[in-house]
Amino acid sequence: MILKAVSFALIGLVNTAVDFVVFTAARWVLLSWPIAIDGIAWAVELCHCGSQRTATLIVANTISWSIAVSGSYVMNSRLTFAAESGGKLKLSSYGMFVASGIIGYLANTTTLVVAAAFLPDLIAKGCAILVSFVVNFSMSHFVVFRPRRPPLEGAR
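Attention in this report is confined to the structure presented alongside it.

Conventions adopted
Residues numbered from 1 in each chain as written. Predicted model: local features only at pLDDT ≥ 70, side-chain atom pairs only at ≥ 80, totals over all residues. Heavy atoms only, no water. Helix = DSSP H or I, 4+ residues; strand = E, 2+ residues; numbered from the N terminus. Buried < 20%, exposed > 50% of the residue type's maximum accessible area, 1.4 Å probe, protein only. Contact = heavy atoms within 4.5 Å. Areas by Shrake-Rupley, 256 points an atom, 1.4 Å probe, with all protein chains shown as cover. Lys, Arg positive; Asp, Glu negative; His and termini not counted. Charge placed at Lys NZ, Arg CZ, Asp CG, Glu CD. Disulfide = S-S within 2.5 Å. Phe/Tyr/Trp six-rings, centres within 6.5 Å; stacked < 30°, edge-to-face > 60°.

## Describing the overall build of the chain
Logical step 1: The helix and strand tally for the chain stands at 6 helices and 0 strands.
Logical step 2: Counted from the first residue to the last, the chain has its helices and strands arranged as α-α-α-α-α-α.
Logical step 3: If one aligns the C-alpha atoms of the chain with their principal axes, the spans along those axes are about 60 × 40 × 25 Å.
Logical step 4: Classification of the 156 residues of the chain by burial places 28% in the buried group.
Logical step 5: Intrachain contacts of the chain at a sequence separation of at least 6 include 68% that bridge at least 24 residues.
Logical step 6: Surface accessibility of the chain: about 10300 Å² in total, with carbon and sulfur atoms responsible for 73%.
Logical step 7: Across the chain, 11 positive and 6 negative side-chain charges occur, with their mean positions spaced 14 Å apart.

In structure tokens:
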């Protein structure tokens, strides 16, 4: 279990770098390309749901999270949880991994907001990272990549 946690953490570091680089690139594209600027402005005006800056950040973050969570699933399937997954990529496991990632994101955000009421922001963020690591690892270990029991003989 400790080796799995270390592997999961190392993949998380790679995933964090991918997330940041893709976010930065997506944000640059969204702020630089006229069609992207116009598209986001149109969407914000249509829904009356915030500023163009906020919408740009949300779109860039959604793009980066989607790519990062996909890469994380592949790396964890092939490395950290290879014994449980058989090293195979499955759409159903990917769906569970994405759902567990959303749960980790919500745990991170909730911890950050609550901890920031009592601690400096950077320490609160550190707490949030630790909580989301535990949630994401637990969801991956016990839900997404849990060992499957072989079907009983003669059972349908």
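## Regarding the state of the cysteines
Logical step 1: Here the structure, examined in full by the defined rule, presents 1 disulfide.
Logical step 2: Across a sulfur-sulfur distance of 1.8 Å, Cys47 and Cys49 are joined as a disulfide pair. Taking the sign of the torsion about the S-S bond as the criterion, the disulfide between Cys47 and Cys49, at about -45°, is left-handed.

## Side note on the packing of aromatic side chains
Logical step 1: In this structure the tally under the stated criterion is 7 aromatic pairs.
Logical step 2: Taking the centre distance of 6.0 Å and the plane angle of 35° together, the rings of Phe81 and Phe137 count as tilted. With Phe81 in the loop between helix H3 (52-80) and helix H4 (82-85) and Phe137 in helix H6 (residues 121-144), this residue pair connects regions lying 56 residues apart in the sequence. Phe137 matches Phe81 in its accessibility class, with the two residues each being buried.

## Here's the deal with the environment of Ile11
Logical step 1: Position of Ile11 among the secondary structure elements: in helix H1 (residues 2-32).
Logical step 2: According to the relative accessible area criterion, Ile11 is buried, its value standing at 6%.
Logical step 3: Each C-alpha atom of the pair Ile11 and Leu79 lies 9.1 Å from the other, and the pair is 68 residues apart in sequence.
Logical step 4: If we ignore the near neighbours within four places in the chain, the residues touching Ile11 are Ser72, Met75, Asn76, Leu79 and Thr80.

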